[in-house]
Amino acid sequence: MKYLTGLLLAIVLCGCETVQPWERGILSKDEMQWQSNVMESRLRNQVYASKEGSSGGPGAAGGGCGCN
Amino acid sequence: MASRQDDLNKTLVALTSSAFLLPAYQSAMADAPPEFTEIGTRYSKYKEDDISAKKAFGGRSERYDIDVAQFYLLAPVSDDWSVALDVSWEDMSGASPWFVGESIEADDAKVIMSGASIEDTRTEVSVTTRYYFDSGNAGFNYTYSDEDDYESKALSLDGSINSEDGLTTYSAAVSASDDDITPTQGAYPTNTLDATKDVRSAWLGVTQIVSKRALVRFGLSYTYRDGFLTDPYKYLDDRPDERKEWTVSAGYRYFLEEPNAALHVDYRYFDDDWGIASQTVDVAWVQTFKDTTVSPFIRYYSQDEADFFSNIDYEDTDYFSDDYRLSAFGAFSYGLRLSHEIGNWSINADAERYQTDESWGVYGGEESPGLVEFWRYGVGLNYAFK
């Protein structure tokens with residue numbers, strides 16, 4: 001984890017370009033979003049949280065369910 | 001392909017967050033409500049593999065089988081506001097591990113299943129309203145979930161602010177939920193008749209534009225659970241009534257113009273005061289061919305066992321659980337997502353296979369005979385009133 005975090009920090013601190021607003025077309029593409037299908041992502045995260053001992057990450061934890 | 005589907009997904013990402021509040025860089029759409037009303041529906045099937053005769057007393061046994069229907073509506077309310085509604089229905093049946101016993105002849109642990117007697121339905125309604133301003137947005141969400149044996153009410157607030165140059169987005173979210181547990185009484189005794197559980201959570205995130213074709217984000221979260229955290233249906237389960245959890249996460253998106261595809265890499269480290277730590281890596285390739293998108297993905301997950309996990313309760317400890325979800329294991333899941341646009345319609349489908357093994361984990365521990373493997377697949381349809 002330390003190596004991965006270090007790598008990503010290095011990308012951010014050393015590799016950032018100044019990207020003008022009119023140059024951000026690619027970044028707003030559907031395939032560049034953090035989640036491409038919200039309904040599918042919600043279900044997928046719910047399944048993992050129900051079947052594994054850990055959860056969370058993409059935001060604050062929400063309400064629970066009795067999923068066994 | 002830019003266009004309506006892009007807008008739909010970006011605004012959906014911005015608006016339909018609830019159980020997992022979504023942060024971060026949302027492009028220009030994050031600072032303005034959607035232009036059109038959008039609706040979508042989806043059906044999914046979740047099916048766990050049978051547990052084998054080698055791992056269960058009483059022979060091979062069925063496990064969970066769940067049908068899920070989802071619906072959403074997203075609509076602009078004014079120049080500055082929008083509202084989103086998410087509804088889901090689940091119908092589940094099957095069996096789950098009741099407790100673990102020791103096989104005398106083979107000297108190993110096997111699961112005693114609850115019997116194929118579990119039937120339950122769940123309905124969840126989630127409403128999000130969001131306000132947009134020049135440099136960001138702020139959202140408020142209420143989610144209500146009701147099952148035969150479980151009720152949850154959750155509130156959350158989230159917000160994102162862009163830096164002056166628009167290259168960095170700072171996000172934050174807080175949430176609180178109050179849950180009531182009233183286990184169904186049947187052939188098997190339960191660990192409580194009526195109990196409550198509260199969850200409080202906070203999250204901070206930073207998203208950075210790295211280049212014209214790359215984004216990165218980091219997140220930190222803390223979650224505090226308080227109340228009845230024991231599984232009411234597991235015979236020997238007895239867990240602490242408090243749990244503190246932390247996560248550190250990172251994500252990366254990189255676009256390659258020549259194949260017209262995007263690489264997604266996400267990582268999460270989890271730690272808690274029950275002794276569970278876990279690492280998750282999720283990688284996806286999103287390939288676009290004109291109106292069709294094909295996206296294979298693979299996920300690796302590994303967790304350590306809880307301090308009080310053991311298959312057999314040999315020692316007189318304060319707490320005990322033989323729940324496979326608190327054991328050490330590794331899991332691979334892999335699958336494919338497809339989507340296709342036809343005019344104002346968008347159709348999508350996906351399938352995922354999830355497999356587990358104690359030896360696949362990076363943490364050592366006692367292998368649980370109850371580890372789960374499953375298939376999940378779904379189809380969905382979206383429409384834009386454009």
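Residues numbered from 1 in each chain as written. Chains lettered and ligands numbered in written order. Predicted model: local features only at pLDDT ≥ 70, side-chain atom pairs only at ≥ 80, totals over all residues. Heavy atoms only, no water.

Caption draft 1: Local environment of the overall build of chain A. Each helix and strand counted, chain A has two helices and zero strands in total. Expressed as a percentage of its 68 residues, the buried residues of chain A come to 62%. (Helix = DSSP H or I, 4+ residues; strand = E, 2+ residues; numbered from the N terminus. Buried < 20%, exposed > 50% of the residue type's maximum accessible area, 1.4 Å probe, protein only.)

Caption draft 2: Region of the structure containing the overall build of chain B. A count of helices and strands for chain B gives one helix and 18 strands. The burial tally for chain B puts 53% of its 386 residues in the buried class. Looking at chain B alone, contacts between residues at least 24 apart form 60% of all its contacts between residues at least 6 apart. Summed over all atoms, the accessible surface of chain B reaches about 16,100 Å², with 57% contributed by carbon and sulfur. (Contact = heavy atoms within 4.5 Å. Areas by Shrake-Rupley, 256 points an atom, 1.4 Å probe, with all protein chains shown as cover.)

Caption draft 3: The arrangement of empty space enclosed by the protein in detail. With the rule as written, the count across this model stands at eleven cavities of 30 Å³ or more. Computed from the structure, the largest cavity encloses a volume of approximately 1,000 Å³. In this structure, the largest cavity is lined by 50 residues; those nearest its centre are A49, S50, G64 and C65 of chain A together with K197 of chain B. Elements supplying a minimum of two residues to the lining of the largest cavity: helix 2 (38-51) of chain A together with strand 2 (65-76), strand 3 (81-94), strand 6 (118-133), strand 9 (168-181), strand 10 (195-211) and strand 12 (242-256) of chain B. (1 Å grid on protein atoms, 1.4 Å probe; cavity = no way out; pocket = protein on both sides within 12 Å on 5 of 7 lines; lining within 4 Å. Points joined across faces, edges and corners; volume = space filled by probe spheres on them.)

Caption draft 4: Region of interest: a nonpolar patch on the surface. Residue and element names in this part refer to chain B. Among the surface-exposed residues, V77, W81, V83, V125, V127 and Y131 lie close enough to one another that they form a single nonpolar patch of about 470 Å² accessible area. Counting only elements with at least two residues in the nonpolar patch, the list comes to strand 3 and strand 6. Considering every element that reaches the nonpolar patch, the biggest residue donor is strand 6, with three residues. Checked against the element boundaries, W81 lands in strand 3. Using a relative accessible area of 39% as the deciding quantity, one classes W81 as partly exposed. (Patch = residues over 30% accessible without salt bridge, like charges linked within 9 Å, V, L, I, M, F, W, Y side chains within 5 Å. Salt bridge = Lys/Arg side-chain N within 4 Å of Asp/Glu carboxyl O.)

Caption draft 5: Fine view of the packing of aromatic side chains. All told, the structure shown has 17 aromatic pairs over all chains when counted by the stated rule. Judged by centre distance (5.1 Å) and plane angle (45°), the ring pair of W81 of chain B and Y131 of chain B falls under tilted. With a gap of 50 residues between them, W81 of chain B in strand 3 and Y131 of chain B in strand 6 connect regions that are remote in the sequence. Taken together, a centroid distance of 5.0 Å and an interplanar angle of 85° make the contact between Y383 of chain B and F385 of chain B edge-to-face. Using a relative accessible area of 46% as the deciding quantity, one classes F385 of chain B as partly exposed. Aromatic rings pair up to connect Y48 of chain A together with Y46, Y354 and F374 of chain B into one cluster. (Phe/Tyr/Trp six-rings, centres within 6.5 Å; stacked < 30°, edge-to-face > 60°.)

Caption draft 6: The nonpolar core, seen in detail. Counting residues in hydrophobic clusters, the biggest one holds 16 residues, and the most contacted among them are Y46, F329 and Y354 of chain B. At the level of elements, helix 2 of chain A together with strand 2 and strand 16 (329-342) of chain B are the ones that each hand at least two residues to this core. Of all the elements, helix 2 of chain A adds the most residues to this core, at three residues. Setting aside residues up to four positions removed in sequence, F329 of chain B forms contacts with K51 and E52 of chain A together with Y301, S302, Q303, Y324, Y354, T356, D357, E358, G361 and L371 of chain B. With eleven residues, the next largest nonpolar core counts L27 and M32 of chain A together with L167 and A262 of chain B among its residues. (Core = buried A, V, L, I, M, F, W, Y, C linked by side-chain atoms within 4.5 Å.)

Caption draft 7: Region of interest: the pairing of strand 4 (residues 97-103) of chain B. Residues and elements named next belong to chain B. Counted residue by residue, strand 4 has six buried out of seven residues, so it is predominantly covered. Pairing of strand 4 with strand 5 (residues 108-113) involves six bridges; the strand directions are antiparallel. Residue pairing in the sheet places S103 in a bridge with D108 of strand 5. (Pairing = 2+ DSSP bridges.)

Caption draft 8: Representation of the pattern of salt bridges within the structure. On inspection of all chains with the given rule, the structure shows 31 salt bridges over all chains. Of the charged contacts, one joins E40 of chain A and R337 of chain B as a salt bridge, the two residues approaching to 2.9 Å between their closest N and O atoms. Of this pair, E40 of chain A sits in helix 2 while R337 of chain B is found in strand 16, placing the two residues in two different chains. In this structure, E90 of chain B and R122 of chain B form a salt bridge, with 2.8 Å as the shortest nitrogen-oxygen distance.

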